[in-house]
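Geometric and topological summary
What follows is the residue order along each chain.
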Amino acid sequence: MKLLIKNGRVIDPATQTDANADVLVEDGRIVQVAPDILMENFQESSHQNSQEDSKGSSVLSPNACDGAKVSATSRKDDSVTVVDATGCFVMPGFIDLHVHLRDPGFEQKETVETGAAAAARGGYTTIVAMPNTRPVVDNEDVVNYVHHKAKDVTKVNVLQAGAITKGMAGTALADIEQMVRAGSPAISEDGKSVMNAHLLREAMKITKRLDIPILAHCEDSNLVNGGVVNEDENAQKKGLPGIANVVEDAIAIRDVLLAGDTGAQLHLCHCSTKGSVEIVELAKKRGVRVSAEVCPHHFTLTSDDMESGDTNYKMNPPLRTKKDVDALREGLKNGIMDVISTDHAPHTKEEKNDSIMMAPFGIIGLETAAALTYTELVLGGYLTPMQMAEKMSYNPAKVISCGKGSLEPGKIADIVIFDPQKKYRIDVSGFASKARNTPFHGREVTGAVRMTIADGTIIYQAEET
């Protein structure tokens, strides 16, 4: 089976390609990227197929709004699906290093299947699931459960990160080697930090030897002090306990020092402060193996945007000040911050309907990240389309060494087709995720995922609008 993507703007950070070209896929791999691939071979068969369907090729309905249009054609013993990507970006499939699938244990919030469906709608072909499930992913059995379930229900490449400590209790190391053998690409204690510096240092020694990263949630639990929002004048006016920037910055500094000491690869998750950007910049200058991610909510919203009592704005780290948002945007622009991840954190409506003090932290993000990135950062003048692909695909692939994030011939055909002209309002009613907890419902954005292709198979195609 062949797939031919025609007339798109191919953007590939691996080769620094930014040009109008076609992409030919065969048997799940990219075969060729070049202008006008094989059109002379397909024109006749395409015409014949429009007259009849006698050869058994299905004809897929085209999308509206000048997005990616799909038709199926056949030629003798060969079958080819032709995608017209006129006006669209053709980029490597997005990779999200930070997703909560809630499975096993919290399937009322999300499952591997629904989370992967949300990922496909968002243009993601690979996602890394966090280990704070029930049971905690601290052994190979739970890793295998997630990986096997994913293979049964989705074409999205679901990778399960292992916990750093047993039960995420912070007192004894999990069997890291066992989980890596089972396929974990990284370890993380996301949702909390390993407060025992000696224990984390020992974990870093192991990850250095295994050549995998630690995905670090930077939060000094001793400084949180019951905070639920950013510590600023907004919190004071509402009488809410705040979470200061130093809560994040203190652990970011500690973890960077430990990574420098051990030579381990460190990736800082969901950075939200100006201080984190400065810490990462200095660490890189000193040769520390560090990378860092920023989430769309942290580069889009400030604590000033938080509507009174709306728990969809409650997340951890919290929404910070404009000074922090500006620093995060500049950090992404200048290459200090490497990755855009979602921290997709689904919760039930009942949970989020609680008070701001009691409702859980977190928002969903898989189905909004690409549009927010394009609207806020590309159209905002911070990133080029090439940099968008770098932050959402190429760089994440490098962090976990998964061999993806490229459209080079020979690579697995993980591809996203993105329409940069589509304007619309985000509507959670059509989401694939089980959850609806986002502050972005109703927000006007530009840019839509038209098609997601994983392993050469179309796994999501936007409906006609």
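Keep in mind the model is a prediction, meaning the values are calculated, not measured.

Below, the discussion takes up helix α3 (residues 140-153). Compared with an ideal rise of 1.5 Å per residue, which puts 14 residues at 20 Å, α3 spans 20 Å between its outermost C-alpha atoms and is within 8% of the ideal. Of all the residues in α3, the buried ones are V142, V143, V146, H147 and A150. One face of α3 carries all of its buried residues, which in axial projection span an arc of 130°. Every exposed residue of α3 that faces more than 90 degrees away from the buried side is listed here: D141, K151 and D152. Looking at the buried side of α3, the elements it contacts are α2 (112-121), β9 (157-160) and α4 (176-181). Near the N-terminus of α3, the side chain that reaches the backbone nitrogen of D141, with its oxygen 2.9 Å away, is that of N139.

This brings us to the layout of surface pockets. Summary: where empty space remains is shown by rolling a probe the size of a single water molecule over the atoms. Empty space within the second largest pocket amounts to approximately 400 Å³. In terms of lining, the second largest pocket is formed by 18 residues, of which the most central are R102, N132, G191, H347 and F361. The class makeup of the residues in the lining of the second largest pocket is five nonpolar, nine polar and four charged.

This paragraph deals with the environment of D12. When you line up the elements, D12 lands in strand β1 (residues 2-12). Judged by its relative accessible area of 2%, D12 falls in the buried class. Sequence-wise, D12 and S193 are 181 residues apart; in three dimensions their C-alpha atoms are separated by 35 Å. Not counting chain neighbours up to four residues away, the residues in contact with D12 comprise T17, P92, M386, G405, S406, L407 and E408.

How each quantity is defined
Residue numbers restart at each chain and count upward from 1, following the sequence in its written direction. Whole-chain, interface and lining totals are the exception, using all residues; otherwise, since this is a predicted model, local features are given only for residues with pLDDT of at least 70 and side-chain atom pairs are given and counted only at 80 or more. Hydrogen atoms and water are omitted, and side-chain values are computed over all heavy atoms in the structure. Only DSSP runs of H or I reaching four residues or more are called helices, and only runs of E reaching two or more are called strands; each is numbered from the N terminus. To estimate how far a helix should extend, the number of its residues minus one is multiplied by 1.5 Å. The classification of residues rests on relative accessible area computed with a 1.4 Å probe and restricted to protein chains. Under 20% of the type maximum is buried, over 50% is exposed, and intermediate values are partly exposed. For this quantity, the arc is that covered by the directions from the helix axis to the C-beta atoms. Residues are treated as being in contact if the distance between any of their heavy atoms lies within 4.5 Å. Polar contact criterion, stated in full: a pair of N or O atoms within 3.5 Å, where within protein one must be able to donate a hydrogen and the other to accept it, and residues adjacent in sequence count only if both atoms are side-chain atoms. Computed over the protein atoms alone on a 1 Å grid, cavities are sets of points where a 1.4 Å probe fits but cannot get out and pockets are open sets with protein on both sides within 12 Å along at least five of seven lines; a residue lines them when it has an atom within 4 Å of a point. Grid points are joined across faces, edges and corners, and a volume is the space filled by probe spheres set on the points. Classification convention: Asp, Glu, Lys, Arg as charged; Ala, Val, Leu, Ile, Met, Phe, Trp, Tyr, Cys, Pro as nonpolar; all other residues, Gly among them, as polar.

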